[in-house]
Amino acid sequence: MPKIVMKFGGTSVADIARIRMVAKRIKKDLSNNNQIIAVVSAMAGYTNELTREIENISPLYDAREYSAVVSTGENVTAGLLAMILQEMSVNARSWQGWQVPINTSEEYSSARIINIDTSNLLSKFNEGMEVAVIAGFQGLASDGRITTLGRGGSDTSAVALSAALNAERCDIFTDVNGIYTTDPRICPKARKLEKISYEEMLELASLGAKVLQTRSVELATRYKVKLRVLSSFSSDLKVNNGTLVCNEGEIVENKVIAGVAYSRDEAKITITGIEDRPGVAALIFSRLSEQAVNVDMIVQNISDNGLTDMTFSCPIDQVPRAEVAIQKNTEKNNLQYDKLIIDKEIAKVSIVGVGMKTHSGVAKMMFEALAKERINIIVISTSEIKISVLIKRKYLELAVQTLHDTFELEKA
Ligand code: ASP
Ligand code: MG
């Protein structure tokens, strides 16, 4: 029997009425002779609430206990959905990550899936189970402890299960009806895309488009999972056909730029007066990595009198960890520097498109558009298919709108 993975995000399961809607949709798909794997998130806001509690206790929390706490939201949703399906005479049961099991690495709060043992699931399907409701976001480390896959990790659970079970497709149900050229809340002219390439989706996700977790797109690319993003609020598939994430070759529309992404909560940290000699950068970034700081952009200044400055950006909530990392001098492990300058009023704006591989002048257009609005660029970084800039957060909306206009993304 064909297997279909359906993932429902937090807003799709925000209360009992919505979980009932989800159950109805699942029941409808069952009638096409499918076996369904329903992956669920925690009810909207639940994970945030738990995260706030944890941060109130300590910003330098133990990642194992963090995962023990935040993974609970998904258990509640999975149980509720299974129960409601049973009430509708569907043979369903809930599965927590460790029960499958979904085996992961030991980075407890941002674990990677290593493998999924599908034998338990398959034997239950053989015994007549119609729907496996699986708690997203969770895994099991080899030491027996619960792990979580990083914020938004249920997407990755869904894609990984699709690959492991060789599912026909993986539908991600969310509160928007697809992938947009940018965030419609900031730029009302944003347009829904019919299709987007894996490569572009990967960049957009990693640059801050929150619709899909980056790792889920990585996995979908690697295992060629047929991935679709669509709204859980409209059941008419003619109107709501979502956005298909697919190979570049399957896309007819070929614009230079596919979308504008942003990330609002960035911080910029500058360490001044460090020695310009081999090993200093290695020392700084190995300490940051020990503290699990996700460093994004890095700039090192030209040195003056053997001294230089190093600037890097990271998510704002990781600033306390970054400070600990840099200040953690011991006798053997000594980093000499002058000042630590922290700017928390930073945002990142990026343009993404596979067309950049073959078109020149894209950077010029982007920088001119920002200059025209008198937006100062603080740091620039590029890859083959993206250009990112750090700017002051107060210009974020303006920058996104200007770039959307400049590259005429409202036009199909
Ligand atoms: N509940 C988790 C979060 O809010 C995982 C997910 O929803 O994908 O990040
Ligand atoms: Mg999500």
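Residues numbered from 1 in each chain as written. Chains lettered and ligands numbered in written order. Predicted model: local features only at pLDDT ≥ 70, side-chain atom pairs only at ≥ 80, totals over all residues. Heavy atoms only, no water.

A. Region of interest: the overall build of the protein chain. Secondary structure assignment for the protein chain yields 12 helices and 18 strands. Counting only residues that meet the buried cut, the protein chain has 50% of its 412 residues in that class. If you take every contact in the protein chain between residues at least 6 apart in sequence, the share linking residues at least 24 apart comes to 75%. As presented, the protein chain carries roughly 19,200 Å² of accessible surface, and 49% of it is formed by carbon and sulfur atoms. Taking the average place of the 48 positive charges on the side chains of the protein chain and the average place of its 50 negative ones, the gap between the two points comes to 4 Å. (Helix = DSSP H or I, 4+ residues; strand = E, 2+ residues; numbered from the N terminus. Buried < 20%, exposed > 50% of the residue type's maximum accessible area, 1.4 Å probe, protein only. Contact = heavy atoms within 4.5 Å. Areas by Shrake-Rupley, 256 points an atom, 1.4 Å probe, with all protein chains shown as cover. Lys, Arg positive; Asp, Glu negative; His and termini not counted. Charge placed at Lys NZ, Arg CZ, Asp CG, Glu CD.)

B. Just the site of ligand 1, in detail. Ser-41, Ala-42, Thr-47, Glu-74, Phe-137, Arg-151, Gly-152, Gly-153 and Ser-154 make up every residue found near ligand 1. At 2.6 Å, a side-chain N or O of Glu-74 approaches a nitrogen atom of ligand 1. The backbone of Gly-153 places a nitrogen or oxygen atom 3.3 Å from an oxygen atom of ligand 1. Partitioned by chemical class, the residues of the shell around ligand 1 number 2 nonpolar, 5 polar and 2 charged. (Near = heavy atom within 4 Å. Polar contact = N/O pair within 3.5 Å; in protein donor to acceptor, adjacent residues only side chain to side chain. Nonpolar A, V, L, I, M, F, W, Y, C, P; charged D, E, K, R; others polar.)

C. Structural detail: the pairing of strand 2 (residues 35–40). Burial analysis of strand 2 places 6 of its 6 residues in the buried class, which makes it a mostly covered element. On strand 2, burial covers both faces: Gln-35, Ile-37 and Val-39 on one face and Ile-36, Ala-38 and Val-40 on the other are all buried. Summarising the sheet, strand 1 (residues 3–8) and strand 2 pair through 6 bridges and their orientation is parallel. The residue of strand 2 that forms the bridge with Val-5 is Ile-37. (Pairing = 2+ DSSP bridges.)

D. Inspection of the nonpolar core at higher detail. Within the largest apolar cluster, 40 residues are counted, with the highest numbers of intra-cluster contacts made by Leu-121, Ile-134 and Met-201. Each residue touching Met-201, except ones within four places of it in the same chain, is listed here: Ile-179, Ile-196, Leu-212, Val-217 and Val-245. Judged by nonpolar contacts, the second largest core, of 25 residues, contains Leu-30, Ala-38, Val-90 and Ala-135. (Core = buried A, V, L, I, M, F, W, Y, C linked by side-chain atoms within 4.5 Å.)

E. Focus on the side chain of Ser-67. Checked against the element boundaries, Ser-67 lands in helix 3 (residues 63–70). Looking at Ser-67, the relative accessible area reads 0%, which means it is buried. In this structure the side chain of Ser-67 is engaged in a polar contact, spanning 2.7 Å, whose partner is the side chain of Thr-148. Every residue in contact with Ser-67, bar those within four places of it in the chain, is listed here: Tyr-108, Ser-109, Ile-146, Thr-147 and Thr-148.

F. Expanded view of the pattern of salt bridges. As enumerated under the stated definition, the model contains 20 salt bridges in all. Across the pair Lys-189 and Asp-405 runs a salt bridge whose closest N-O atoms are separated by 2.8 Å. Highlighted residues: Lys-189 in the loop between strand 9 (169–174) and strand 10 (195–197) and Asp-405 in helix 12 (residues 396–406), separated in sequence by 216 residues. Of the charged contacts, one joins Arg-277 and Glu-275 as a salt bridge, the two residues approaching to 3.4 Å between their closest N and O atoms. Arg-277 gets classed as partly exposed once you look at its relative accessible area, which sits at 43%. Overlapping salt bridges bring together Asp-29, Arg-169, Asp-171 and Arg-228 as one network. (Salt bridge = Lys/Arg side-chain N within 4 Å of Asp/Glu carboxyl O.)

G. Spatial organisation of the sheet that holds strand 17 (residues 379–383). An order of 14-15-13-16-18-17 is seen for the 6 strands of this open sheet, with the pairing classed as antiparallel. Two strands lie at the open edges of the sheet, namely strand 14 (298–300) and strand 17, each paired on one side alone. Here the average twist between neighbouring strands, direction ignored, is 25 degrees. Pairing geometry for strand 13 (residues 259–275) and strand 16 (residues 340–352), over 10 bridges, is antiparallel. Residue Glu-266 lies in a different strand from strand 16, and its bridge partner there is Ile-346. Across the sheet, helix 9 (residues 280–290) lies against strand 13, strand 14 and strand 15 (307–315), angled at about 25 degrees from strand 15, the strand it touches most. Here helix 10 (residues 319–327) sits on the sheet in contact with strand 13, strand 15 and strand 16, set at roughly 125 degrees to strand 16. (Axes fitted to C-alpha atoms, helices over the stretch in contact; angles between N-to-C directions.)

H. Up close: the packing of aromatic side chains. Counted under the stated rule, the structure contains 3 aromatic pairs. On the numbers, 4.9 Å between centres and 10 degrees between planes, the contact of Phe-8 with Phe-173 is stacked. Taken together, the positions of Phe-8 in strand 1 and Phe-173 in strand 9 put the pair 165 residues apart, joining distant regions of the chain. As far as the burial class goes, Phe-8 and Phe-173 line up, both buried. Measuring from ring centre to ring centre gives 5.0 Å for Tyr-61 and Tyr-66, while their planes differ by 15 degrees; the resulting arrangement is stacked. (Phe/Tyr/Trp six-rings, centres within 6.5 Å; stacked < 30°, edge-to-face > 60°.)

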